[in-house]
Amino acid sequence: QVQLVESGGGLVQAGGSLRLSCAASGRTFSDYHMGWFRQAPGKEREFVAAISWSGYSTKYADSVQGRFTISRDNAKNTVYLQMNRLKPEDTAVYYCAADFTRTPIVRVGPREYDYWGQGTQVTVSS
């Protein structure tokens, strides 16, 4: 069992920045890959970014490449999502998720992740 708790969401103007955090507990944090996903009203949950268990490998959705950065601190059992140059279309509920299958590369499908947080709302005003 893993518990994931996101924080750091809020309301920001377009062009601004936010940093999301996801604190994990319950199992050894460095045992699994971590991902961030988001879901806007009326849309399916979509991949945002992922990071390998070691932190050496990352992957981003094209829509956030160059603006968002995923990182993790295994000593603090926490994964982060630094979001810069935010756009109104980034508005969504953001979820962190854990993937216990330590594949050589991180995965992007929501169904491939085993545990999920409750989500944190990010709203970007124009």
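Definitions and limits used
Residues numbered from 1 in each chain as written. Predicted model: local features only at pLDDT ≥ 70, side-chain atom pairs only at ≥ 80, totals over all residues. Heavy atoms only, no water. Salt bridge = Lys/Arg side-chain N within 4 Å of Asp/Glu carboxyl O. Helix = DSSP H or I, 4+ residues; strand = E, 2+ residues; numbered from the N terminus. Buried < 20%, exposed > 50% of the residue type's maximum accessible area, 1.4 Å probe, protein only. Contact = heavy atoms within 4.5 Å. Core = buried A, V, L, I, M, F, W, Y, C linked by side-chain atoms within 4.5 Å. Pairing = 2+ DSSP bridges. Axes fitted to C-alpha atoms, helices over the stretch in contact; angles between N-to-C directions. Disulfide = S-S within 2.5 Å.

Asker: Account for the pattern of salt bridges, naming residues and giving values.
Answerer: Following the criterion strictly, the structure yields 4 salt bridges and no others. Across the pair R38 and D90 runs a salt bridge whose closest N-O atoms are separated by 2.9 Å. Here the residue R38 occupies a position in strand β4 (residues 33-39), and D90 occupies one in the loop between β8 (78-83) and β9 (92-99), the gap between them amounting to 52 residues. For R38, a relative accessible area of 6% corresponds to the buried category. Of the charged contacts in the structure, one is a salt bridge between D90 and R67, with a shortest N-O distance of 2.8 Å. Of the two residues, D90 sits in the loop between β8 and β9 while R67 sits in the loop between β6 (58-60) and β7 (68-73), which places them 23 residues apart along the sequence. As far as burial versus exposure is concerned, D90 and R67 are alike and both buried. Residues joined by salt bridges that share partners form a network here, namely R38, E46, R67 and D90.

Asker: Can you tell me about the environment of L4, naming the residues and giving the values?
Answerer: Relative to the helices and strands, L4 resides in strand β1 (residues 3-7). Looking at L4, the relative accessible area reads 5%, which means it is buried. Spatially, the C-alpha atom of L4 lies 5.7 Å from that of A23, the residues being 19 residues apart in sequence. Setting aside its immediate chain neighbours within four residues, L4 contacts C22, A23, A24, M34, C96, A97, A98, Y115, W116, G117 and Q118.

Asker: Which residues make up the nonpolar core, and what values go with them?
Answerer: Inside soluble globular proteins, nonpolar side chains tend to come together where they are buried. M34, W36, L81, M83 and Y94 are the most contacted members of the largest nonpolar core, which has 37 residues in total. Looking at this core, the elements with two or more residues in it are β3 (18-25), β4, β5 (46-51), β7, β8, β9 and β11 (120-125).

Asker: Lay out the sheet that holds β8 in plain terms, naming residues and giving numbers.
Answerer: Spatially, β1-β3-β8-β7 is the arrangement adopted by the 4 strands of the open sheet, whose pairing is antiparallel. In the strand order of this sheet, the two ends are held by β1 and β7, each with one partner. Looking at each pair of strands side by side, their axes are set apart by 15° on average, direction ignored.

Asker: Can you lay out the state of the cysteines for me, pointing to particular residues and giving the numbers?
Answerer: Here, the word disulfide means a covalent bond between the sulfur atoms of two cysteines. By the definition in use, this model includes 1 disulfide. Covalently, C22 is tied to C96 through a disulfide, its sulfur atoms 2.0 Å apart. Disulfide C22-C96: the torsion about the S-S bond is 50°, which places it as right-handed. A residue pair is termed long-range when its members are at least 10 positions apart, and C22 in strand β3 and C96 in strand β9 qualify at 74 residues.

None of the figures reported here should be taken as evidence of function without further support.
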